[in-house]
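Chains, contacts and geometry: an overview
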Amino acid sequence: MNAIIRLPNYINGNWQPSTATEYLEVINPATIEILAKVPLSPASDVNQATEAAAEAFIKWRRTPALERVQYLFKLKNLLEENFEDLARTITLECGKTLGESKGEMRRAIENVEIACGIPMMMQGTNLEDVAKGIDEMMIRQPLGVAAVICPFNFPGMIPFWFLPYAIACGNTYIVKPSEKVPLTMQKIFNLLDKTGLPKGVINLVNGSKEAVDAILDHPKIRAISFVGSTPVAKYIYSRGAANGKRMQCQGGAKNPIIVLPDADMEMTTRIAADSAFGCAGQRCLAASIAVTVGEARNTFTDAIAATAKNRIVGSGLDEGVEMGPVIDVRSQTRIEGLIQKGVDEGAKLLIDGRKPQISGYENGNFIRPTILQDVDPAGEIAKTEIFGPVLSLIHLDNIEQAIAFVNGGQYGNMACLFTTSGAAARKFRYEAEVGNIGINIGVAAPMAFFPFSGWKESFFGDLHGQGNHAVEFFTQTKVVVERWKDEWTRQF
Ligand code: NAD
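The following paragraphs examine the structure supplied in this document. (Residues numbered from 1 in each chain as written. Predicted model: local features only at pLDDT ≥ 70, side-chain atom pairs only at ≥ 80, totals over all residues. Heavy atoms only, no water.)

If you tally the helices and strands in the chain, you get 15 helices and 22 strands. Computed over C-alpha atoms, the radius of gyration of the chain comes to 24 Å, within 12% of the 23 Å expected from 2.2 N^0.38 for 492 residues, which places it in the range of a compact globule. Burial status across the chain gives 57% buried among its 492 residues. The contacts in the chain between residues at least 6 apart in sequence include a share of 73% that link residues at least 24 apart. About 20,600 Å² of surface is accessible on the chain, with carbon and sulfur atoms providing 52% of the total. Both charge centroids of the chain, one from 49 positive and one from 54 negative side chains, sit 5 Å from each other. (Helix = DSSP H or I, 4+ residues; strand = E, 2+ residues; numbered from the N terminus. Rg over C-alpha atoms; globule rule 2.2 N^0.38 Å. Buried < 20%, exposed > 50% of the residue type's maximum accessible area, 1.4 Å probe, protein only. Contact = heavy atoms within 4.5 Å. Areas by Shrake-Rupley, 256 points an atom, 1.4 Å probe, with all protein chains shown as cover. Lys, Arg positive; Asp, Glu negative; His and termini not counted. Charge placed at Lys NZ, Arg CZ, Asp CG, Glu CD.)

One pass over the structure, following the stated rule, counts 3 cavities of 30 Å³ or more. Of the volumes computed, that of the largest cavity is approximately 100 Å³. In terms of lining residues, the largest cavity is bounded by 14 residues, among which Ala 253, Gly 281, Ala 286, Ser 288 and Phe 387 are the most central. Taken together, the residues of the lining of the largest cavity sort by class into 7 nonpolar, 4 polar and 3 charged. Volume-wise, the second largest cavity comes out at about 40 Å³. Contributions of two or more residues to the lining of the second largest cavity are made by α11 (296-310) and β16 (390-396). Sorting elements by how many residues they give to the lining of the second largest cavity places β16 first, with 3 residues. Across the lining of the second largest cavity, the residue classes break down as 2 nonpolar, 4 polar and 2 charged. (1 Å grid on protein atoms, 1.4 Å probe; cavity = no way out; pocket = protein on both sides within 12 Å on 5 of 7 lines; lining within 4 Å. Points joined across faces, edges and corners; volume = space filled by probe spheres on them. Nonpolar A, V, L, I, M, F, W, Y, C, P; charged D, E, K, R; others polar.)

We now examine the sheet that holds strand β6 (residues 134-142). Taken in spatial order, the 3 strands make up an open sheet running β5-β6-β22, and their pairing is antiparallel. Both edges of this open sheet fall to β5 (125-131) and β22 (475-483), since each of them pairs with a single strand only. For this sheet, the mean inter-axis angle between neighbouring strands, taken without regard to orientation, is 25°. With 9 bridges joining them, β6 and β22 adopt antiparallel strand pairing. Its bridge partner lying in β22, Glu 136 is registered against Val 481. (Pairing = 2+ DSSP bridges. Axes fitted to C-alpha atoms, helices over the stretch in contact; angles between N-to-C directions.)

Looking at the ligand, there are 28 residues lining it, with Cys 150, Glu 179, Ser 229, Gln 250 and Glu 385 nearest. Compared with its free state, where it exposes 840 Å², the ligand has 87% of that area covered by protein. A majority-of-atoms criterion places the ligand in the largest pocket. Listing elements by their share of the shell around the ligand, those giving two or more residues are α8 (209-217), β10 (221-227) and α9 (230-242). Taken together, the residues of the shell around the ligand sort by class into 15 nonpolar, 9 polar and 4 charged. Of the domains in this structure, domain 1 (9-251 + 458-479) and domain 2 (255-439) are the two that each give at least three residues to the shell around the ligand. (Near = heavy atom within 4 Å. Sits in = over half its atoms within 2 Å of the grid points. Domains from an automatic or database assignment.)

Below, the structure is given as structure tokens:
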């Protein structure tokens, strides 16, 4: 039997063992096979990475922007060359299907491509003669050392909402992957290493709470991005902000989709099923509640039930599989408990996906697509983030009630409307209190050149990840007012 690898950290251009005394097992959720052991790095590892990044910043910020993005062009090519292997690694450790993993890596690469435009995107502004003989300009400068703390559900993509922009803007960087899925970043840092980036510009520290707390408290770390659950987002936002850092923290979600009676039901059902059950429901933009309005109740309910029943569940690496396992046994137990909670609250279990037998993967963390019908809009199950392949059906009489339901939620990550009415779509877009809106779209994920919005308890901070927001987040503005002796009049 092969020895199980203990994953190293990448600090100051070197792969090195963590000084951790504790390691966690990294598990393939489809088979429960142990893939590796990840260190729970102590504060001293974070401190070492931060000192290396702070030292590297001195030269990196002076490297012309055009030169800085050359490393990103190299990275883009390396990511393309290793695309299949990276997608396979995501599936191995995270469970999603190979197609979903490829989609994730495509999104990661898209962010690298957009960040290559930093020489234009980080330009400032200026105005001559703001007063007689006086010019004023605003320039953008990098912050220094920045860091990202990542969740388990997109091990390849989420770090790329931040990393390419951070370094292209002249900052140096530390990545703390989720301890549940650290393998993808090991491979990506191997590629980052091959780009020849100067030592210390990018660093990888594995771990969990102790490493995170060290990041939050280190005085040389100037900005922190976080993506994960809302309770942790709140904690990280407040502790980091109390330490004077620039913070952006993306939290959990409970995304509703509204189906109007005039919607194209065939398309709506297909898209809604992908949204609810794709990535086994472990997407912050997954549909968690479908609100049927008026006559949509019957047509949609029958169609989504048939689609859910027929979904092919299995190991994400197998051909034809449409849905993989959930991340771990703890998650599986929590999701099963929430399904029961829905039933206890009076919902009808239209399709029960608990404890399926998946041939060849009897030990995996599987739950089949599950549908709860007639869920109480005021009940617990209509409010709690499930983060699994469970869709709750709620019925309301009109679009006003549906929008009021959307706006009554604690979260504000995404809401979608399915309709053929432009007027209904406009009303919804205008009135829904969420950061990402889909109209006849089930997963309203912004392209890399738009910010990944999120409102209410789905986001803490001001500037979001991706696009122009990322450039603003990773730069600080400096305003210069200047007067020079006039060469012709010889006067100030
Ligand atoms: P999580 O909050 O459990 O963990 C996220 C990160 O925080 C991990 O790196 C973990 O090590 C660290 N962490 C966990 N507990 C901590 C603590 N007490 N102190 C300090 N650090 C801690 O999230 P998860 O289970 O990995 O990811 C799923 C969650 O992420 C869901 O709620 C999902 O909605 C959310 N998510 C949100 C978005 C978004 O864009 N809004 C995107 C993806 C995932």
